[in-house]
Amino acid sequence: MPEPLSFTAFVISLASTAAIHFGDLPDPSGAKSEPNLEAAAQMIEILSLLDQKTRGNLTAEERQVLEQVLYELRLRFVEVAGGGKRIIEP
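In this text, all values refer to a predicted model and were calculated from it rather than measured experimentally.

(A) Seen up close, the nonpolar core. Counting residues in hydrophobic clusters, the biggest one holds 18 residues, and the most contacted among them are Val11, Phe22, Leu47, Leu66, Val69 and Leu73. Within the residue set of this core, elements represented by two or more residues are α1 (7–22), α2 (37–54) and α3 (60–81). Setting aside its immediate chain neighbours within four residues, Leu73 contacts Ala15, Ala18, Phe22, Ile44 and Leu47.

Take a look at the structure:
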């Protein structure tokens, strides 16, 4: 019998799906696709909703993983949406 899915594994699974939508990871078939910002934004929204709804009910480790994943995905979204351009050119 497989082990039950942990909260952390669930969060990482959602983050991996977002990475596929960003075009950073291949999809389950092994194909890499063009970034789909709308789908990536939806995954970030889902994780944000999860963050709001689980507040006060997570272990310190689960909270840290969720906050770190959200931070990194939001940063990646800004990078991809901006085409990798810097705000200030050196």
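Continuing now.
(B) Just the packing of aromatic side chains, in detail. In the structure shown here, the tally under the stated rule is one aromatic pair. A cation over a ring is seen here: Arg76 above Phe22, with NZ or CZ 6.0 Å from the ring centre.

(C) Broad picture of α1. For α1, which comprises 16 residues, the first-to-last C-alpha distance of 23 Å matches the rise-based estimate of 22 Å (1.5 Å per residue) to within 8%. Those residues of α1 lying buried are Phe7, Val11, Leu14, Ala15, Ala18, Ala19 and Phe22. Buried residues of α1, viewed axially, fall in a sector of 150°; they line one side. Among the structural elements, α2 and α3 are those in contact with the buried residues of α1. Remark: Gly23 follows α1 within two positions and exhibits a positive phi of approximately 85°.

(D) Examining α2 more closely. Taking 1.5 Å per residue as the helical rise, α2 with its 18 residues ought to reach 26 Å, and the 25 Å between its terminal C-alpha atoms agrees with that figure. Turning to α2, its buried residues are Ala39, Ala40, Met43, Ile44, Leu47, Ser48, Leu50, Asp51 and Thr54. In this fold, the buried residues of α2 make contact with α1 and α3. With its phi angle positive at about 85°, Gly56 sits one or two positions after the end of α2.

About the criteria used
- Residues numbered from 1 in each chain as written.
- Predicted model: local features only at pLDDT ≥ 70, side-chain atom pairs only at ≥ 80, totals over all residues.
- Heavy atoms only, no water.
- Core = buried A, V, L, I, M, F, W, Y, C linked by side-chain atoms within 4.5 Å.
- Buried < 20%, exposed > 50% of the residue type's maximum accessible area, 1.4 Å probe, protein only.
- Helix = DSSP H or I, 4+ residues; strand = E, 2+ residues; numbered from the N terminus.
- Contact = heavy atoms within 4.5 Å.
- Phe/Tyr/Trp six-rings, centres within 6.5 Å; stacked < 30°, edge-to-face > 60°.
- Lys NZ or Arg CZ within 6 Å of the ring centre and 35° of its normal.
- Expected span 1.5 Å × (residues − 1).
- Arc of directions from axis to C-beta.

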